[in-house]
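# Per-entry structural report
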Amino acid sequence: MSELSPGDDLRALVDASPSPFHAVAELARRLTAAGSTELAEADAWSLAPGALHHVVRSGSLVAFRVGSAPLAEAGMRLVGTHTDSPTFRVRPRSDVRQAGYRLVGVEPYGGGLWHTWLDRELTVAGRVVLRGGRTTLVRLDGAPLRLPSLAIHLDRSVREGLTLDPQRHLVPVWSRDLGTEPGLTEALAEAAGVAPADVLGSDLVLADTQPAGTTGADGTWIAAPRLDNLASCHAGVTALVGAAPGERTQVLVANDHEEVGSGSMSGARGSFLEDVVRRLVAVTAADDPQALPRTLARSRLVSADMAHAVHPTRYDRHEPAHAPQLGGGPVLKVNANQAYATDAAGGAWFAERCAEAGVPLQTFVSRADLPCGSTIGPLTATRLGLATVDVGAPMLAMHSCRELASALDVPLVTAALTACLTDRAPAAT
C-alpha cells in the first residue's frame, strides 16, 4: 500500500498516466505490487480463491479476486471505471508545415473544453508499435508542443466570444520549419531507443506537462488533468487491493474509449468484461450450464465516474435540490432517461453500503432543460444484464485541460467502493 496520503497518491497516479496505456500500466504496477498475477487472454487460466489477478487488453484492464463461494451462488461485486479522458489524438500523418513553422496534426478526442488547452505546455504520450510487432510506451520529455492563442490585437472580436475551428486553430506548434530539425517521428524513435524507420505505428495523445497540484485556501483541492476518470481508477484499484477476500468474487474493470462512445474491442460496448466473466464462470463452475446467468443475476456493478459539483458562480446550471459539493462524499447519479443506470433498488443498496462505511452520500440529477452526460454504466448493464448503479466523486471543470476535485473525497469514495466490493448482504435475485 502507498505511504502517501490519499490525495497525494491520486496525484501520483495522475502524473504517471498521461495516456490510457500509461494508466493501465500504472494500475497493473499497483496490482502487481499488491501480489496480483497478470494473465494473458491467450493462455489457459488456473484460479485459486482469494488470489488477485489482472488481464490487459489494449488500453483497458480487468482485475479480480475470486471468492470462496461458487459464482453462481454468491455472484460478483464489480466496480467499473474508464481510463481515457478528452484530449487530442495525433494523426497518422502528423507532419504539418505552414507559415514557416512545423506543427503536429491532431484531432479532438471526446467532448473537451478545447479553449482550456490554449497556451499550455504540452507533450505527446501513448503507445508506439515497432518493427516486428513490439510495443513500448513513450512520453516525450519536456514540453515540445503548444497551442498558442492569437493576440487580441489581431482579433478583437474575441471579446464577444471565442470560436475555435479544430481543423485550423487547434494544431499544436512543434518548431520552426528549417528543414533540418528532427520531427515527431525522430523524437519518438529516440524515446523508444530505435531508428526512425523502425517506428511503424502509434496511438498517441496530447498531455498537459504541469504536474497535478493542490489549490484552495486550505490546500485540500486537487487541480489536475484527466481526473475524469483517473480519480475513479485510483479509487477502484485502491478499493480492490484493500478489500478483504470474501465469498463473492470482486472485480475491477477499467475500460478505454468511454469518451467516444465505448465502441471498441476494449470499450464497454466490446466483449472484454464479458469474456473475463465467462472465463471466471467456466473455470470455477464448468459443470453448470446455467452458471453464467445465475452469476449475473446475483451480481452488482458500481459504475464509478466523476459527477458535477455545483459551480460557485454558475449554480443556476444545477437542479436546485441536487447540487453536490466538493468534499461532500460520493455522488449517486440518477437520470430518468437512463443516461445513468441507477434505479431505486440500486440506489438504496449503494446508500446502505455508504452508511456501513460511515460515508456521506450526495445525489445528482440534471436540470430538466439540460441534456445529461452518460457513463459505461448503462452500456455494461445492457450488455451483461447486470444490476448497475452510477456514482462518482464531485468535481468542477469537467472535460477541461485541468479539472478540480477535493482530496477530502478520495478516501470517502474509496471507502464506499470497498464496502460495495465486500458487501455481505443477501445477494440480489
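All of the points below concern the structure found in this document. Computed from a predicted model, the values in this text were never measured in an experiment.

Moving on: the nonpolar core. One finds Leu227, Val302, Phe350 and Leu417 to be the most contacted residues of the largest nonpolar core, which totals 47 residues. Considering every element that reaches this core, the biggest residue donor is helix H5 (residues 227-242), with nine residues. If sequence neighbours within four positions are ignored, valine 302 has contacts with Leu78, Val79, Gly80, Trp349, Phe350, Val389, Val391, Leu417 and Cys420.

With that settled, the discussion passes to the environment of threonine 380. Mapped onto the secondary structure, threonine 380 falls in helix H9 (residues 376-384). Between the C-alpha atom of threonine 380 and that of glycine 126, which follows or precedes it by 254 residues, the distance is 26 Å.

Between two packed helices, what matters for the description is the angle formed by their axes and the separation of those axes. Running from amino to carboxyl end, helix H1 (residues 6-15) crosses H5 at an angle of 120°, the nearest separation of the two axes being 10 Å. It follows from the interaxial angle that H1 and H5 lie oblique. Like other packed secondary-structure pairs, H1 and H5 cross with a definite hand, here right-handed. On H5, the residues touching Pro6, Asp9, Leu10, Leu13 and Val14 of H1 are Leu227, Leu230, Ala231 and His234. For the contact of H1 with H5, a count of residues per class yields seven nonpolar, one polar and one charged.

Right, let's get into the side chain of glutamate 274. Tracing the backbone through its elements, the reader meets glutamate 274 in helix H6 (residues 272-284). Judged by its relative accessible area of 15%, glutamate 274 is buried. Among all residues touching glutamate 274, those that are not within four sequence positions of it are Arg383 and Leu384.

Another point: the packing of aromatic side chains. Tallied over the entire structure, the rule returns three aromatic pairs. Each ring, one from phenylalanine 88 and one from tryptophan 114, has its centre 4.6 Å from the other, and the planes form 50°; the classification is tilted. Taken together, the residues span a long stretch of sequence, with phenylalanine 88 in strand E5 (residues 87-98) and tryptophan 114 in the loop between strand E6 (101-109) and strand E7 (122-130) at a distance of 26 residues. Taken as a pair, phenylalanine 88 and tryptophan 114 share a single burial class, namely buried. Residues phenylalanine 88 and tryptophan 117 carry aromatic rings whose centres are separated by 5.4 Å and whose planes lie at 85° to one another, so their mutual orientation is edge-to-face. Pair noted here: phenylalanine 88 is in strand E5 and tryptophan 117 is in the loop between E6 and E7, with a separation of 29 residues, a long-range link. Residue classification places tryptophan 117 among the buried residues on the basis of a relative accessible area of 4%. Counting every residue linked through ring pairs, the aromatic cluster contains Phe88, Trp114 and Trp117. Its guanidinium or amino end placed over the ring of tryptophan 45, arginine 279 lies 3.9 Å from that ring's centre, counting from NZ or CZ.

About the cut-offs
Residues numbered from 1 in each chain as written. Predicted model: local features only at pLDDT ≥ 70, side-chain atom pairs only at ≥ 80, totals over all residues. Heavy atoms only, no water. Core = buried A, V, L, I, M, F, W, Y, C linked by side-chain atoms within 4.5 Å. Buried < 20%, exposed > 50% of the residue type's maximum accessible area, 1.4 Å probe, protein only. Helix = DSSP H or I, 4+ residues; strand = E, 2+ residues; numbered from the N terminus. Contact = heavy atoms within 4.5 Å. Axes fitted to C-alpha atoms, helices over the stretch in contact; angles between N-to-C directions. Parallel < 35°, antiparallel > 145°, perpendicular 65-115°, else oblique. Left-handed = near helix turned anticlockwise from the far one by under 90°. Nonpolar A, V, L, I, M, F, W, Y, C, P; charged D, E, K, R; others polar. Phe/Tyr/Trp six-rings, centres within 6.5 Å; stacked < 30°, edge-to-face > 60°. Lys NZ or Arg CZ within 6 Å of the ring centre and 35° of its normal.

That's the geometry; what it means functionally is another story.
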